[in-house]
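# Reading the structure
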Amino acid sequence: MRPTGRIVERSLVAAERPVRVPAGSGPEVAAWTYAPEGVPVIRLQRGDRLRAALTNQLPEHTSIHWHGIRVPNAMDGVPYVTQPPVLPEQSFTYDFTPPDTGTFFFHSHCDTVTQLGRGLSGILLVEGDTPRPFDADVLCVLRDWRIDEAGGFTAFITDEGAGKAGTFGRLRTANDRVAPVLEVPAGGDVRLRILNVDATRICEVGFDEDVAAIIAVDGNALPPVPLASRRLGPAQRLDLALRAPAPGKELVLYDYFAAEPVPLARLRGTGPALKRKPFAPWPLLACPFAEPDLATAERMRLTLQQTAVAAEIVMPNGETLRYADALCLSTRTFWAMNQESWPEGGHQALPPPLLTLEKDRSYVIELVNLTQNQHPMHLHGITFVVPESDKGFPRHRADTVLLGPRDRIEIAFVADSLGDWMLHCHIIEHQETGMMGYVRVA
Ligand code: C2O
Ligand code: CU
């Protein structure tokens, strides 16, 4: 990656701000945001250095995790693991140069059910992956709002939800609006970046016509794959290339995971029809990364389990951990990995790593889901290779992989970045009730 020499400075002030949900029309919600405009979108060119100054004006501590970005460990934003939490009225400056292009987001890694639930997230786009320009580059950020009719927040976490598929919001939005119209240049070549930033909901995105191709998964380019529909768990992103409809016509993006397909957004062709050759999506430029050597890779297994263990964890040194820091985690444990549950409030007394890896070695980690639920599993700091699926979805690079009930998926990577990297389910209620740990690259 060639540095551009450009430094992009951004100030992110985490604070409570009244926001109308749905945007422009709904009741006023006491949202937590990083910027007065709501969800900030930071656009960088590959090679740009980002200096993002976080100031905490929330009543509780916070941090920013740059999801999917291969940052140095100290910039990863995990309280007690990679940095001290940013206390109210304090600041912390994140300073790094993202090595990869793509569609990313950022969010708090502290009391995440509440902070993400109240809206605290932002978008980070690293440009420079288009060999030919698109006629439009459109964002579609999916999330539920856990609010009642009057705009008051409903529970972000419930025992019922945390122990099962999670607590869903009532109001489903794209770009904070309900099934909004997204205007696209009629007949043009459109890049649509879909981000699932919800804490809970897994959707299955697709159009009412087969018109789009997947060109990137979690920001990572892959040769275009026709989109029939694709399941997208919390934190997963999908970049699509598609041909915009004719003037005045609409193409509807649906969630097909529901019993009745739910319209998420409507792409409407506007302006005079552009004259373009027949639709043929072109591949994005992929960023180089260290290919794992499967022949010499060390193999390890990580099982995902449901647990009934109580709120106390006995550490290897005989110490019993309880919730000392009830802010960063809830007080229930429902989930485990390799029989270990992340101790409640355990950020300050870290459990040992789930796995210890040697720098620059190749690894194949077999993720085995022993539960009846789906889990979008995310590894910080290192992107991994997901092999071709049995349904034929090609091998690709990702930072989050969705495991269905009883699934096994082998992810492979080179442990090329030193530090302690979190590995957890991105259904935040699962993460905060045990399904979290870290791998140590030493
Ligand atoms: Cu987006 Cu540890 O998460
Ligand atoms: Cu999970």
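Look up a bit, the structure's there.
Residues numbered from 1 in each chain as written. Chains lettered and ligands numbered in written order. Predicted model: local features only at pLDDT ≥ 70, side-chain atom pairs only at ≥ 80, totals over all residues. Heavy atoms only, no water.

### Concerning the overall build of the protein
- Tallying secondary structure elements over the protein gives three helices and 32 strands in all.
- By the compact-globule yardstick of 22 Å for 442 residues, the protein fits well, its C-alpha radius of gyration being 21 Å.
- For the protein, the C-alpha atoms occupy an extent of roughly 70 × 55 × 50 Å along the three principal directions.
- In the protein, the proportion of contacts linking residues at least 24 apart, taken out of those at least 6 apart, comes to 75%. (Helix = DSSP H or I, 4+ residues; strand = E, 2+ residues; numbered from the N terminus. Rg over C-alpha atoms; globule rule 2.2 N^0.38 Å. Contact = heavy atoms within 4.5 Å.)

### Re the environment of Arg-2
- The residue Arg-2 is located in the segment before strand E1 (7-20) in this model.
- Sequence separation of Arg-2 and Val-71 is 69 residues, and the distance between their C-alpha atoms is 16 Å.
- What Arg-2 contacts, discounting residues up to four positions off in sequence, is Arg-46 and Gly-47.

### Points about the layout of surface pockets
- Roughly 830 Å³ of internal volume is contained in the largest pocket.
- Along the walls of the largest pocket sit 33 residues, with Arg-230, Ser-389, Lys-391, Phe-393 and Leu-402 positioned nearest its centre.
- Where the lining of the largest pocket is concerned, the elements lending two or more residues are strand E14 (212-217), strand E15 (220-226), strand E16 (230-232), strand E28 (396-398), strand E29 (400-403) and strand E30 (408-414).
- Here the element with the most residues in the lining of the largest pocket is E29; it accounts for four residues.
- Grouping the constituent residues of the lining of the largest pocket by class yields 16 nonpolar, eight polar and nine charged. (1 Å grid on protein atoms, 1.4 Å probe; cavity = no way out; pocket = protein on both sides within 12 Å on 5 of 7 lines; lining within 4 Å. Points joined across faces, edges and corners; volume = space filled by probe spheres on them. Nonpolar A, V, L, I, M, F, W, Y, C, P; charged D, E, K, R; others polar.)

### What to know about the environment of Ala-244
- Topologically, Ala-244 is positioned in the loop between strand E17 (237-243) and strand E18 (250-255).
- Owing to a relative accessible area of 5%, Ala-244 belongs among the buried residues under this scheme.
- Here the alpha-carbon distance between Ala-244 and Asp-135, two residues 109 residues apart in the chain, equals 9.3 Å.
- If we ignore the near neighbours within four places in the chain, the residues touching Ala-244 are Val-184, Pro-185, Ala-186, Gly-187, Gly-188 and Val-190. (Buried < 20%, exposed > 50% of the residue type's maximum accessible area, 1.4 Å probe, protein only.)

### Topic: the coordination of the copper ion (ligand 2)
- Protein coordination at the copper ion (ligand 2) comes from His-375 (ND1), Cys-425 (SG) and His-430 (ND1), with a distance range of 2.0 to 2.1 Å.
- Between consecutive donor residues of the copper ion (ligand 2), the sequence gaps follow H-x49-C-x4-H.
- Assessed through its relative accessible area of 0%, Cys-425 is described here as buried. (Donors = N, O, S within 2.8 Å, 3.2 Å for Na, K, Ca; no water.)

### Section: the nonpolar core
- In terms of nonpolar packing, the biggest core is built from 64 residues, with Phe-207 and Phe-413 touching the most fellow members.
- With four residues, strand E9 (residues 136-145) is the largest single contributor of residues to this core.
- When neighbours within four sequence positions are excluded, Phe-207 is seen to be in contact with Leu-192, Ala-212, Leu-227, Ala-228, Leu-240, Leu-242, Leu-251, Val-252, Leu-253, Tyr-256 and Leu-267. (Core = buried A, V, L, I, M, F, W, Y, C linked by side-chain atoms within 4.5 Å.)

### Quick word on the sheet that holds strand E11 (residues 181-185)
- One open sheet accounts for five strands, arranged E11-E19-E18-E13-E16; its pairing is mixed. Lying at the two open borders of the sheet, with one neighbouring strand each, are E11 and E16. Neighbour-to-neighbour, the strand axes of the sheet open up by a mean angle of 30°, direction not taken into account.
- Relative to E18, strand E13 (residues 203-207) runs antiparallel, the two sharing three bridges. Note on E18: the bridge partner recorded for Gly-206 is Tyr-254. (Pairing = 2+ DSSP bridges. Axes fitted to C-alpha atoms, helices over the stretch in contact; angles between N-to-C directions.)

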